[in-house]
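Commentary on secondary and tertiary structure
Here are the chains, one letter per residue:
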Amino acid sequence: MLKRLTAGAVVGLLLVGVVSAAEGEWKPLMDGKTFDGWKISENPESWSIEDGAFVAKGDRSHLFYVGDDKPFKNFEFKAKVKTDKNSNGGIYFHTKFQEKGWPKYGFEAQVNNTHGDRKKTGGIYSVKDVIDNSPAKDGEWFDYYIKVDGKHVVIKINGEVSADYTEPEGAKPGKDFTRVLDEGTFALQAHDPGSTVWFKDIEVKRLPE
């Protein structure tokens, strides 16, 4: 049967494990070699791949996951992240692709160990912040975990809870940034030319809706 498939079909089959996430199973969202399943917004030169990791360094840009047609609502997400000194970045969830600007939709899980912004790694930006003291260190890979289940969000850094947030009843989208639980995709942030952040081993597991 395999011999009857076109080359394109074979490639499509090989990518199923990368771009499709079934409920209850951990699935990789990256292959460590290409940007397959991802789409870069403005300033694509801010992104590269190095030793199996996406590297964010350059002018503002966001790398959106577009490999799964079905949006993510309830899920567990995990990745390994590393920062250079004075670097800022982020992991967005419940967001959607936009051509330029800071993503309006969803939430940003902060990545910042020593950058000047007081909001540090492991917080939900401007919703449930970690102030001043980051639970991670520059120059070391750390585990970043995000769980969304209904109105409840938990973030863990290296297995320790850094943010625990339950959205209040009647929460309304903000004008500039929605910051309400809904559904959507993920995005990684290149913040500025002085910041370098690595992301690798990105996986997701869908939870029942």
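The structure displayed is predicted, hence computed values, not measured ones. Here the residue numbers are simple positions, counted from 1 along each chain's written sequence. Per-residue local features of the predicted model are confined to residues with pLDDT of at least 70, and side-chain atom pairs are confined, for both listing and counting, to 80 or more; whole-chain, interface and lining totals are unaffected and use all residues. Side-chain figures throughout are based on the complete set of non-hydrogen atoms in the structure, without hydrogens or water.

**A short note on the overall build of the protein chain**
Under the scheme used here, helices are H or I runs from DSSP no shorter than 4 residues and strands are E runs no shorter than 2 residues, and both carry numbers assigned from the N terminus. What the protein chain contains, in helices and strands, is two helices and 15 strands. Between buried and exposed lies partly exposed: a residue is buried under 20% and exposed over 50% of the maximum accessible area for its type, with that area taken using a 1.4 Å probe on protein chains only. Looking at the protein chain residue by residue over its 209 residues, the buried ones come to 44%. Whether two residues are in contact is decided by their heavy atoms, any of which lying within 4.5 Å being enough. Relative to all contacts within the protein chain whose residues are 6 or more apart in sequence, the contacts with residues 24 or more apart total 64%. In this description, accessible areas are obtained by the Shrake-Rupley approach with a 1.4 Å probe, and a residue is regarded as covered only by the protein chains that are shown. Of the roughly 10,400 Å² that the protein chain leaves accessible, carbon and sulfur atoms contribute 50%.

**Some details on the side chain of E42**
Tracing the chain through its elements places E42 in the loop between strand 2 (38-40) and strand 3 (47-50). The residues touching E42, leaving out its near neighbours within four places in the chain, are R60, S61, E99, K100 and G101.

**Quick notes on the pairing of strand 12 (residues 152-157)**
Of the strand pairs in this sheet, strand 11 (residues 142-149) and strand 12 are connected by six bridges, and their pairing is antiparallel. Directly across from I146, in strand 12, lies its bridge partner I155. Between strand 11 and strand 12, which pair antiparallel and follow one another directly, the connecting turn spans two residues, one of which, G150, has a positive phi of 65 degrees. Note: two strands are recorded as paired if DSSP finds a minimum of 2 bridges between them. In the sheet, strand 12 pairs with strand 13 (residues 160-166) via six bridges, with the strands oriented antiparallel.

**Structural notes on the pattern of salt bridges**
Throughout this description, the term salt bridge denotes a Lys or Arg side-chain nitrogen within 4 Å of a carboxyl oxygen of Asp or Glu. Following the criterion strictly, the structure yields seven salt bridges and no others. Here R206 makes a salt bridge to D68, at a shortest N to O gap of 3.5 Å. Taken together, the residues R206 in strand 15 (residues 197-206) and D68 in the loop between strand 5 (61-65) and strand 6 (75-83) connect sequence positions 138 residues apart. Looking at D68, the relative accessible area reads 18%, which means it is buried.

**Some words on a negative patch on the surface**
The grouping of E23, D182, E183 and E209 at the surface amounts to a negative patch. Here E23 shows up in the loop between helix 2 (16-19) and strand 1 (26-28). Judged by relative accessible area, which is 49%, E23 ranks as partly exposed. What makes a patch is a set of residues exposed beyond 30% relative accessible area and free of salt bridges, joined within 9 Å when like-charged and within 5 Å when nonpolar (Val, Leu, Ile, Met, Phe, Trp, Tyr). Residues scored as charged are limited to Lys and Arg (positive) and Asp and Glu (negative), so that His and the chain ends carry no count. To locate a charge, the coordinates of NZ of Lys, CZ of Arg, CG of Asp or CD of Glu are taken.

**As for the confidence of the model for the protein chain**
Per-residue confidence from the predictor is reported as pLDDT, which spans 0 to 100. For the protein chain, mean pLDDT is 92; residues scoring 70 or higher make up 90% of the total. Every residue in residues 1-19 scores below 50 in pLDDT, and together they form 16 contacts with partners more than four places removed in sequence or on other chains.

**Regarding the pairing of strand 9 (residues 119-124)**
In terms of residue burial, strand 9 counts as a mostly covered element, since five of its six residues are buried. Relative to strand 10 (residues 128-131), strand 9 runs antiparallel, the two sharing three bridges. Across the sheet, K119 pairs through a bridge with I131, a residue of strand 10. Turn length for the strand 9-strand 10 hairpin, with the two strands adjacent in sequence and antiparallel, is three residues, and the turn residue S126 shows positive phi of about 60 degrees.

**So, the packing of aromatic side chains**
Aromatic pairs are defined between Phe, Tyr and Trp rings, using the six-membered ring for Trp, whenever the two ring centres lie within 6.5 Å; interplanar angles under 30 degrees are classed as stacked, those over 60 as edge-to-face, and all others as tilted. Per the counting criterion, the structure on display carries twelve aromatic pairs. Ring geometry for Y65 and F72: centres 6.2 Å apart, planes at 55 degrees, overall tilted. Summarising the burial analysis for this pair, Y65 and F72 share the class buried. Look at F77 and F186: their rings are 4.9 Å apart centre to centre, the planes differ by 40 degrees, and that puts the pair in the tilted class. With F77 in strand 6 and F186 in strand 14 (residues 185-190), this pair connects stretches of sequence that are 109 residues apart. In this pair, the class of F77 matches that of F186, namely buried. Following the ring pairs from residue to residue traces out a cluster consisting of F35, W38, F54, Y65, F72, F75, F77, F93, F107 and F186.

**Some points on the environment of Y105**
You can see Y105 is positioned in the loop between strand 7 (88-95) and strand 8 (107-112). Judged by its relative accessible area of 31%, Y105 falls in the partly exposed class. When sequence neighbours within four positions are dropped, the list of residues in contact with Y105 reads H94, T95, K96, Q98 and T178.

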